[in-house]
Amino acid sequence: MVKLTVDNKPVEIEEGATILAAAAKAGVTIPTLCYNEELSPAGACRVCVVEIACTPKSITVTSCNYPVAEGMVVLTKSENAIKARKLAVEMLMAQHPHSDKIAKLAQTLSMGEPRFSVNSEECILCRLCVRTCQEVVGAGAITFVAQGLERENREAAVVWNQDKCIACGSCAYICPTQAVTLNDNQGTRTICTPSTKMEFKLKACTKCGNHYAPEKQLEYMARTSHLPIEKFDLCPDCRD
Amino acid sequence: MNEVMFSSWGGTIVDNRSGRSTPATEIKVPSAVAGKDVAAFISWDGLVISDNNVDVVALANAYMAEAAHLACGECSMGYKGTHVISEILTRITNGQGKPEDIDFLVELSDSIQKNVKCDFCANTVIPLRDALKNFRTAFDTAAASKEAALKLDYIKKVTAPCQEACPIHQDIPGYLELIRNRRNTEALEVIRRTNCLPRVTGRTCVAFCEKNCVRKDIDTPLSIRALKRVPADLGIIKPLNSDKISKKDKVAIIGAGPAGLSAAQYLSIKGYQVYLFDEQETAGGMTFSGIPAYRLPRNVLSGEVDVIASQGTQVRLNTRIRHVEELRGKYKAVLVASGAHQSRDNGIDNWNKDYDGLMEGVEFLHAVSSGKPVAPKQKILVVGGGNTAIDCARTALRIGCKEVTVVYRRSRHEMPARDEEVKAAVEEGVKFLFLAVPVKIQSQNGKVVGAECIRMELGEQDASGRRKPVPVKGSEFVFAADMVLPAIGETPDLTFLPQGKQAKVEVTSWNSIKADENGITNIPWLFAAGDCASGPATVVEAMASGHKAAESMDLYLNKNKIARPESEAVDSAFHDVGLSRSRRGPKPAVEARAYPHEMNAEDRVKNFEEVEECFNVQVASREADRCLRCYRVMLIVTRQG
């Protein structure tokens, strides 16, 4: 176990835990955006930034992925931490002024309008969808293309592989800025991402005829559960 | 740089603007590029100005625009932050600045340094912050001005400490980034741009990059070599972009080792008709005969050669060139990359090749590699401390030899063999005898029965920087052995080279071809690369040498010039910068390094199956995530007129 303080509150937590987990244990709330407890941390949005008091100079780190250490002094509301957090949120606001989640974050930090604008798609590159698809769904259909040396694509982006996509819609569900949307209509599911529009057939229940799930998702479930595809002929309502 | 007006390089401020003169001899930045004086230099560790006429705001703008192109997008502060800075600076230099811009730039660059995910953006803003702090008036004036600044001409270079250490300058942060994002096919494309043997190097490279990885100063370097193997094994090979115009000139390359293969790939994508000759029945040179199959499976190597051949190189095996002049009529230029395969004189008394149990190390490895029968013995003594010695020892165990000892004249600390190789050998049961050297073979009835050895002690440092071993008088002892394998170094066979009075190839005192680092010899049409020019070196160094020689050949054939390529003159200017591992960004959390799984020692000594496994995609992605992306963008402005 490791002993540390978060905003002067002593807390004890297992080695390897993150500062964010320690803060939660100490009853201190740190605002987050790209964090989800079911997923590996990305450190993308920089909102959960905190200050660690140490000599000769304190450092600022993201609490979602920085591990605790014995005797660590964590300050979540220090001037440095607040300043860094506010600028991180301002950056997100400038990119995406219409997101409720971001507006709410700005409100809790009593922030006004951003001082600048950013030409940007609605995607803020938080990669919640990438991680959900890889780590929870297991399809690995979404990947991140970083901008970098000699990349043909000069903009960083999140991209979908339609062949691997099972149309489950988790990405649309998890997206904090509605950059990914899902629409079911007349036996077709449409998933719109910042770069592509994909259409998938929905399966009709052999008994009641209702379209109840994407065919690709059912095939995926049959494959991973080693059940025959016929087991998915009926919708949940018509099953015994 | 002789006269420095201002410098913040390395965090030390030298300011001579008010007329004082502080010598700036310590500033390690280029003073001239391709014959032109440097007026300004800006990079990750500060900015240096030596000319009053340099527009600092325009310089900062150009630098941040280049830097923003390299921000990866992993974190919004770094990615969007650098882009916002670049946009504001561009606006200011276009005469559309606002007075409040400058304070905002200060605040934003400060926050980027403190709150980004990796090293790139955190270090990138350092010179901008130095400029804003020390040239505040210039920035304020520019922000108030309605006039656009003059366009700035500059020379750019992007590199990283790992990339600089790599002889073939692989874009390591680039392919690690793709591995992290599970885009292995694209990662393979990045690797293949400068590396024609990704699967070979992913298994056997000595990884100079890892020795210069910035993570070294935080926890442990990344497993770069093992990571490279992931795209190499799993990525899909796509044809490389080749020059549209095919050239009629035929070129010959002697030796299908890493140097020859690398040159063949470069010249064939340049459109030449490339003929690659090798006297062996298998291509690969020393990577075939010298690296045992348990480190480099045979099908892996042949697969790599097939890929190179598919790009247009004609591979002619089982073909020994007797005299290089015989190629002259048919080929416009010839590259000698024949390696170093002859064993150096081992200096052991009573050495008689006809004795049963005596064999040179490389001959032994070659025989086993080619599937020739080599009878296992009971007690083996391998002589030497390099990778060849370790390969001999581990191979001897695998053909069924009972007890294997490596004798080395220095101590463990001075051994040139790779640490992981030595560790693996110890695990497999290889014994080591340090500070001793065999001086005489003992034989009975034409068979080896032992070696008389003498103890050594370490004396003064020699030219290689290592302490020189000195024999201890009267310390002779006999080591019983029925096989002795010296692996103390190889030397090239140069008998096929022009020896006549008119055209005689110059050789060095080491019996290697005298060629400069671009493969240029004293004969215009004859180039040399790899071990036959450098003496025994590594796979990656041979590849680098082959590539450089191929560039020189292209220049000779295309422009009839014998010179070093221009791009290299610019590159070499940046070498002086001293691309150290120094960093001023925040310290990241310690993360454990991932190592690939290995077959356990008990099982692996029984056969020649590959010992090391490939990382799986998930583990590779996590390990690649430890990369700090230490790209350094460097901009040079030269003095006008």
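Nothing here was measured: the structure is a model prediction, and the numbers come from that model.

Trainee: Give me the overall build of chain A: which residues, what numbers.
Mentor: In terms of helices and strands, chain A carries six helices and eleven strands. Along the first, second and third principal axes, the C-alpha atoms of chain A reach 70 × 45 × 35 Å. Looking at chain A as a whole, 40% of its 240 residues are labelled buried. Counting only contacts in chain A whose residues sit at least 6 apart along the sequence, the fraction spanning at least 24 positions is 52%.

Trainee: Account for the pairing of strand β6 (residues 142-145) of chain A, naming residues and giving values.
Mentor: Residues and elements named next belong to chain A. Neither face of β6 is open: one carries Ile142 and Phe144, the other Thr143 and Val145, and all of them are buried. Relative to strand β7 (residues 157-160), β6 runs antiparallel, the two sharing four bridges. Residue pairing for β7: Val145 is matched across the bridge by Ala157.

Trainee: Give a detailed account of unusual backbone geometry, specifying residues and quantitative values.
Mentor: At Leu125 of chain A, a position not held by glycine, the phi torsion is positive, near 60 degrees. Within the secondary structure, Leu125 of chain A sits in the loop between α3 (100-108) and α4 (128-137). By the C-beta count within 10 Å, which is 27 here, Leu125 of chain A ends up buried. The phi torsion at His169 of chain B lies on the positive side, around 45 degrees, for a residue other than glycine. Classification of His169 of chain B as partly exposed rests on a count of 19 C-beta atoms within 10 Å.

Trainee: Describe the packing of helix α1 (residues 56-70) of chain B against helix α5 (residues 126-134) of chain B, and please don't skip the residues or the numbers.
Mentor: Residue and element names in this part refer to chain B. Following both chains from N to C, one finds α1 and α5 inclined at 165 degrees, their axes separated by 10 Å at the closest point. One way to sum up the angle between α1 and α5 is to call them roughly antiparallel. With respect to the hand of their crossing, α1 and α5 are arranged in left-handed fashion. Residues Val56, Ala60, Tyr63 and Met64 of α1 form the contact with α5, whose own contacting residues are Pro127, Leu128 and Ala131.

Trainee: Explain the nonpolar core residue by residue, including any values.
Mentor: If you look at the biggest cluster of nonpolar residues, it comprises 218 residues, and the most contacted ones within it are Ala88 of chain A together with Leu227, Ile253, Ala263, Val334, Leu335 and Val336 of chain B. Top element by residues in this core is α1 of chain B. It accounts for eleven residues. With residues near it in sequence (within four places) discarded, Leu335 of chain B still touches Ile253, Ile254, Gly260, Ala263, Phe527, Ala529, Ala549 and Met553 of chain B. Membership of the second largest hydrophobic core comes to 41 residues, among which are Tyr294, Leu358, Phe364 and Leu365 of chain B.

Trainee: Just give me the short version of the environment of Tyr173 of chain A, but keep the residues and values in it.
Mentor: You can see Tyr173 of chain A is positioned in helix α5 (residues 170-174). Separated by 40 residues in sequence, Tyr173 of chain A and Cys133 of chain A place their C-alpha atoms 11 Å apart.

Definitions and limits used
- Residues numbered from 1 in each chain as written.
- Chains lettered and ligands numbered in written order.
- Predicted model: local features only at pLDDT ≥ 70, side-chain atom pairs only at ≥ 80, totals over all residues.
- Helix = DSSP H or I, 4+ residues; strand = E, 2+ residues; numbered from the N terminus.
- Buried ≥ 20, exposed ≤ 12 C-beta atoms within 10 Å, placed from the backbone.
- Contact = placed C-beta atoms within 7 Å.
- Pairing = 2+ DSSP bridges.
- Axes fitted to C-alpha atoms, helices over the stretch in contact; angles between N-to-C directions.
- Parallel < 35°, antiparallel > 145°, perpendicular 65-115°, else oblique.
- Left-handed = near helix turned anticlockwise from the far one by under 90°.
- Core = buried A, V, L, I, M, F, W, Y, C linked by C-beta atoms within 7 Å.

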